[in-house]
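Architecture at a glance
In case you want the letters, here they are:
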Amino acid sequence: MDPIQGLHHVTAMTRDAQHNVDFYRNVLGQRFVKKTVNFDVPDTYHLYFADEIGTPGSVLTFFAWPNTKRGTRGTGETISLAYNIPADSMGFWQNYLQERGVQLLPLEKRFGMDILPFEDPDGMRVELVESEAPPEIRHWEEGPIPREHALRGFHGVTLWLDELEPTTNLLTQEMGLTYVDKEGDRYRFSGAPGTLGSVVDILHQVSRPEDQPVEAFFGGGSIHHIAFRVPDDASQLEYQAELREAGLEVTPVIDRKYFHSIYYREPGGVLFEIATEPPGFAVDEPVASLGERLVLPEWFEPNRSAIEQGLPAIDLKPVEMAR
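Residues numbered from 1 in each chain as written. Predicted model: local features only at pLDDT ≥ 70, side-chain atom pairs only at ≥ 80, totals over all residues. Heavy atoms only, no water.

**Description of the overall build of the protein chain**
- Counting its regular elements, the protein chain contains 5 helices and 16 strands.
- Relative to a compact globule of 323 residues, whose C-alpha radius of gyration would be 20 Å, the protein chain shows 19 Å and is just as compact.
- C-alpha atoms of the protein chain, sized along the principal axes, occupy 50 × 45 × 40 Å.
- Burial analysis of the protein chain (323 residues in total) assigns 57% to the buried set.
- Accessible surface computed for the protein chain: about 14000 Å², of which carbon and sulfur atoms make up 50%.
- Between the centroid of the 28 positive side chains of the protein chain and the centroid of its 51 negative side chains there is a distance of 5 Å. (Helix = DSSP H or I, 4+ residues; strand = E, 2+ residues; numbered from the N terminus. Rg over C-alpha atoms; globule rule 2.2 N^0.38 Å. Buried < 20%, exposed > 50% of the residue type's maximum accessible area, 1.4 Å probe, protein only. Areas by Shrake-Rupley, 256 points an atom, 1.4 Å probe, with all protein chains shown as cover. Lys, Arg positive; Asp, Glu negative; His and termini not counted. Charge placed at Lys NZ, Arg CZ, Asp CG, Glu CD.)

Have a look at this one:
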């Protein structure tokens, strides 16, 4: 069984679909590759952002829940998502984001790499990581960011856990990631070097008897789950069997139309998914027009009229090119 190479997608929660699209498409320059509904709760949007074609490892998705409260970060949660940017692009991104009213957090250096953190409109922490050789993706040429500075898919994610060993064992034994290094309370694990979304960091909050762990409240700006990628259905079934053998409660395979999924909670409580790379996002609309209309799985088509009437309109506003 081949080890996990990296992330497939990350799914978070937004309270405002229009603001979400405006930020990730028109500011960060990610293509809006799919407008559909939550397959489990079809009266809400499920929005997808990625590179030009939806390459696994570049896909950020959002459940749009307008009435939810803003989430708070705590243990048992994925607390940040990091994108790759090319070397010498940090200055561009600092100026560009400040010009668009994004409040930047102080620059950090982590494992020898420069990090620019900020929050999206819902309060989700996003980080840009400057890399000498970021993986190649399909750049969205019609987006606002020039190719030489554009986001290059995911760098990785950070989990906040109050116990380290059980999740370490899962990542390194059942999932095949490699322990890389420790820096303060941060422990780094990685899939294959040079691949999209290969990094998983654990921020370990050591619990003391006099302390109460900071529990996460999930809402707008929270990361709902993280998905790792496998090349095909056969590989996914191998992981399903392996994880069940290790004592984890793993779901049956679920058809998400653009990929097939299995879900399980790692020992610290974070919801993990393993998703297949195929079929991809061009199964129900041409690559040239990805994200331009509401697409539904065939089992929801009979209710299209009612579904459309219950969803707020989303305006794909003209993109302003960065100077």
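**Re the packing of aromatic side chains**
- Enumeration over the complete set of coordinates arrives at 20 aromatic pairs.
- Pairing F49 with F62 gives two aromatic rings, centres 6.1 Å apart and planes at 75°, and the pair type is edge-to-face. Remark: F62 occurs in strand β4 (residues 59-64) and F49 occurs in strand β3 (residues 45-50); sequence separation between them is 13 residues. Each member of the pair F49 and F62 is classed as buried. (Phe/Tyr/Trp six-rings, centres within 6.5 Å; stacked < 30°, edge-to-face > 60°.)

**Brief notes about the sheet that holds strand β7 (residues 113-119)**
- Strand order in the open sheet formed by 8 strands is β6-β7-β8-β5-β9-β12-β11-β10, and the pairing between neighbours is mixed. The open sheet has two free edges, formed respectively by β6 (108-110) and β10 (178-183), since each of these has just one partner strand. Neighbour-to-neighbour, the strand axes of the sheet open up by a mean angle of 30°, direction not taken into account.
- Two elements, strand β5 (residues 77-86) and strand β9 (residues 154-161), share 6 bridges in a ladder whose sense is antiparallel. Residue pairing across strands places E77 opposite W160, the latter belonging to β9.
- The sheet strands contacting helix α2 (residues 90-99) are β5, β7 and β8 (125-131), and the helix crosses β7 at an angle near 15°.
- Sheet strands in contact with helix α3 (residues 165-174) are β9, β10, β11 (186-190) and β12 (199-204), and its direction is about 170° off that of β12. (Pairing = 2+ DSSP bridges. Axes fitted to C-alpha atoms, helices over the stretch in contact; angles between N-to-C directions. Contact = heavy atoms within 4.5 Å.)

**What about the pairing of β10?**
- Bridge analysis of β10 against β11 gives 5 bridges, and the strand direction is antiparallel. Within β11, the residue paired with D181 across the bridge is R188.
- The loop that links β10 with its antiparallel partner β11 comprises 2 residues; one of these, G184, has a positive phi angle of about 65°.

**Brief notes about unusual backbone geometry**
- Note that the residue after P278, namely P279, is joined by a cis bond; omega there is 5°.
- Structurally, the position occupied by P279 is in the loop between β16 (271-276) and α5 (304-310).
- In this model, D88 sits at a positive phi of 70°, which is unusual for a non-glycine residue.
- Along the chain, D88 turns up in the loop between β5 and α2.
- On the basis of relative accessibility, which here comes to 71%, the residue D88 falls in the exposed class.

**Considering a negative patch on the surface**
- Together, D2, D232, D233 and E238 give the surface a local cluster of negative charge.
- In this fold, D232 is placed in the loop between β13 (223-230) and α4 (233-245).
- Its relative accessible area of 33% is what places D232 among the partly exposed residues. (Patch = residues over 30% accessible without salt bridge, like charges linked within 9 Å, V, L, I, M, F, W, Y side chains within 5 Å. Salt bridge = Lys/Arg side-chain N within 4 Å of Asp/Glu carboxyl O.)

**Thoughts on the side chain of T158**
- By the secondary structure assignment, T158 is in strand β9.
- On the accessibility criterion, T158 (2% relative accessible area) is buried.
- One polar contact links T158 to R186, side chain to side chain, over a distance of 2.9 Å.
- Once you skip the residues sitting within four places of it in the chain, T158 turns out to touch E77, T78, I79, S80, R186, D201 and L203. (Polar contact = N/O pair within 3.5 Å; in protein donor to acceptor, adjacent residues only side chain to side chain.)

**Section: the environment of I223**
- Examined against the element boundaries, I223 turns out to sit in strand β13.
- Residue classification places I223 among the buried residues on the basis of a relative accessible area of 3%.
- Sequence-wise, I223 and L271 are 48 residues apart; in three dimensions their C-alpha atoms are separated by 9.5 Å.

**Looking at the sheet that holds β4**
- Taken together, 8 strands build an open sheet; the order of strands is β2-β3-β4-β1-β13-β16-β15-β14 and the sheet is mixed. Among the strands making up the open sheet, the edge pair consists of β2 (31-37) and β14 (254-255).
- Here 2 bridges tie β14 to strand β15 (residues 260-265), and the two strands are oriented antiparallel to one another. Note that in β15 the partner of I254 across the bridge is S261.
- Helix-sheet contacts for helix α1 (residues 17-27) involve β1 (7-14), β2, β3 and β4, and the interaxial angle to β3 is about 5°.

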